[in-house]
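Breakdown of the fold
Here is how the chains run, residue by residue.
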Amino acid sequence: MKSEAMYTLKGVGFRYGREWVLKNIDLTIERGEILGIIGPNGSGKTSLLKILGRHLNPLEGELWLESKRLSTIPLLALARRVSTVPQEHPVVFSYTALEMVLMGRYPYLKGWAFESAGDHRIARAAMERMGVERFSDRLFAELSGGEKQRVIIARALAQQPQILLLDEPATFLDLHHQSQIYSLLGELNRDEKMTIVVVSHDLNMASQLCRRLLLLKEGRMAGLGTPWEVLTEKGIEAVYHCRTLIDSHPTTGKPRLTMVPD
Ligand code: ADP
């Protein structure tokens, strides 16, 4: 398959204050790929994801979505293409779970119109896919962390994006729901050709799911390539300062990490 660039980043840098938290990021994200962003706490993963979703603008370098500079794309048009599952979501007290998911339809609403029957159908289908339809009428604020997370993912799906950006989507989820979300991401990528960028601190999950991994260290690129290229015992020790054993996962053949206590 001929690869085509969805995102192109050239020399992207960002800082909140004096210190650069991202520097010299040169990266092409291909259409239809699953890219994992990994790295220790504070290495810039969330900031980079926010830049891809245009929640932050780079302070240096260039950022393109296909042939357009990301900063020139009107926000509503962007929202029809890119949806984000953030790490934290503000708790909105008076909304039900269904109302939260319906918010995913806002880029498609005309003027001040209410959501149509079609929007409701799409929102309900997204809720079914995430197994949260039974919470439809419950207040979002009263759901558990894992239930909230699945509702937020349903909202992102209701947005029907071409590109899905997720920041630690499996936090708060139990093993069953973690495996559900990772299978779903694989399915969306395979069947719907969705381009997926996922920040994860779970290196094993990232290894199984992602075609390529970007390893960040203190805002710089410390590795970019297939899981076998990036997840090496030496490379992980240099970035995370801990020892691991890496072997081949018995069923998938992808790298598997085991911590080695000091
Ligand atoms: P990661 O996702 O890898 O943990 P982040 O992108 O969240 O890293 O953070 C990178 C750096 O930027 C950290 O040093 C963090 O403290 C800093 N940072 C993140 N958000 C803000 C903010 N809103 N204001 C100031 N500094 C921030």
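Right, let's walk through the structure included here. The structure displayed is predicted, hence computed values, not measured ones.

Here the focus is the packing of aromatic side chains. Under the defined criterion, the tally for this structure stands at one aromatic pair. Each ring, one from F14 and one from Y16, has its centre 4.8 Å from the other, and the planes form 85 degrees; the classification is edge-to-face. Assessed through its relative accessible area of 52%, Y16 is described here as exposed. We note R15 situated over the ring of W20; from NZ or CZ to the ring centre the distance is 4.7 Å.

The next thing to look at is the site of the ligand. Lining the immediate surroundings of the ligand are Y16, V21, P40, N41, G42, S43, G44, K45, T46 and S47. With respect to the ligand, the backbone of G44 contributes an N or O atom lying 3.0 Å from an oxygen atom. S47 places a polar side-chain atom, nitrogen or oxygen, 2.6 Å from an oxygen atom of the ligand. With the chains in place, 53% of the 560 Å² that the ligand exposes on its own is no longer accessible. A total of three residues in the shell around the ligand trace back to one element, the largest contributor, which is helix α1 (residues 45–52). Taken together, the residues of the shell around the ligand break down into three nonpolar, six polar and one charged.

In this structure, strand β11 (residues 243–248) lies alongside strand β12 (residues 255–260), joined through six bridges in antiparallel fashion. Bridge pairing links S248 to P255 in β12. Following β11, the chain reverses through six residues before pairing antiparallel with β12; G253 in that reversal takes a positive phi of roughly 75 degrees.

Strand pairing in a sheet relies on backbone hydrogen bonds. The paired strands run either parallel or antiparallel. If you trace the six strands from one edge of the open sheet to the other, you get β6-β7-β8-β3-β9-β10, paired in mixed fashion. The open sheet has two edge strands with one neighbour each: β6 (82–85) and β10 (220–225). Averaged over all pairs of adjacent strands, the angle between strand axes in this sheet comes to 15 degrees, irrespective of strand direction. Contacts between α1 and the sheet are confined to β3 (34–38), β7 (163–167), β8 (195–199) and β9 (212–217), with β7 contributing the most and set at about 155 degrees to the helix. Set on the sheet, helix α5 (residues 145–158) makes contact with β6 and β7; between it and β6 the angle comes to about 175 degrees.

Look at α5 against helix α6 (residues 175–192): their axes get within 12 Å of each other, and the N-to-C directions meet at 10 degrees. Considering the angle they form, α5 stands roughly parallel to α6. From α5, R150, I153 and L157 reach across to α6, where they touch H177, Q180, I181, L184 and L188. Here the residues of the contact of α5 with α6 sort into five nonpolar, two polar and one charged.

This part is about the sheet that holds strand β1 (residues 5–15). A sheet is described by the order of its strands in space; here four strands give the open sequence β2-β1-β4-β5, paired in antiparallel fashion. On the outer flanks of this sheet lie β2 (20–30) and β5 (68–69), each paired with one strand and no other. Of the pairings in the sheet, the one linking β1 to β2 comprises seven bridges and is antiparallel in character. Residue pairing in the sheet places A5 in a bridge with E30 of β2. Of the strands in this sheet, β1, β2 and β4 (60–65) touch α1, which is tilted by about 55 degrees from β2.

Moving on: the pattern of salt bridges. In a structure, side chains of opposite charge can pair up when their charged atoms sit close to one another. Considering all chains together, one arrives at 11 salt bridges under this definition. As a salt-bridge pair, E66 and R81 come within 2.9 Å of each other at their nearest N and O atoms. Taken together, the residues span a long stretch of sequence, with E66 in the loop between β4 and β5 and R81 in the loop between α2 (75–79) and β6 at a distance of 15 residues. A salt bridge links R129 to E192, with the nearest nitrogen and oxygen atoms 3.2 Å apart.

Quick look at the nonpolar core now. Residues I38, V151, L157, L164, L185, L188 and I196 are the most contacted members of the largest nonpolar core, which totals 47 residues. Setting aside residues no more than four positions away along its own chain, L188 makes contact with R129, L157, L164, K193, M194 and I196. Formed by 28 residues, the second largest nonpolar core is a distinct cluster that contains M6, F14, V82 and V197.

In this section: the environment of A154. Looking at the secondary structure, you find A154 in helix α5. Once the C-alpha coordinates of A154 and L98 are considered, the two residues, 56 residues apart in sequence, prove to be 9.5 Å apart. Once residues within four sequence positions are removed from consideration, A154 is found in contact with V101, A126, M127, M130 and V132.

Each value, and the rule that gives it
- Residues numbered from 1 in each chain as written.
- Predicted model: local features only at pLDDT ≥ 70, side-chain atom pairs only at ≥ 80, totals over all residues.
- Heavy atoms only, no water.
- Phe/Tyr/Trp six-rings, centres within 6.5 Å; stacked < 30°, edge-to-face > 60°.
- Buried < 20%, exposed > 50% of the residue type's maximum accessible area, 1.4 Å probe, protein only.
- Lys NZ or Arg CZ within 6 Å of the ring centre and 35° of its normal.
- Near = heavy atom within 4 Å.
- Polar contact = N/O pair within 3.5 Å; in protein donor to acceptor, adjacent residues only side chain to side chain.
- Areas by Shrake-Rupley, 256 points an atom, 1.4 Å probe, with all protein chains shown as cover.
- Helix = DSSP H or I, 4+ residues; strand = E, 2+ residues; numbered from the N terminus.
- Nonpolar A, V, L, I, M, F, W, Y, C, P; charged D, E, K, R; others polar.
- Pairing = 2+ DSSP bridges.
- Axes fitted to C-alpha atoms, helices over the stretch in contact; angles between N-to-C directions.
- Contact = heavy atoms within 4.5 Å.
- Parallel < 35°, antiparallel > 145°, perpendicular 65-115°, else oblique.
- Salt bridge = Lys/Arg side-chain N within 4 Å of Asp/Glu carboxyl O.
- Core = buried A, V, L, I, M, F, W, Y, C linked by side-chain atoms within 4.5 Å.

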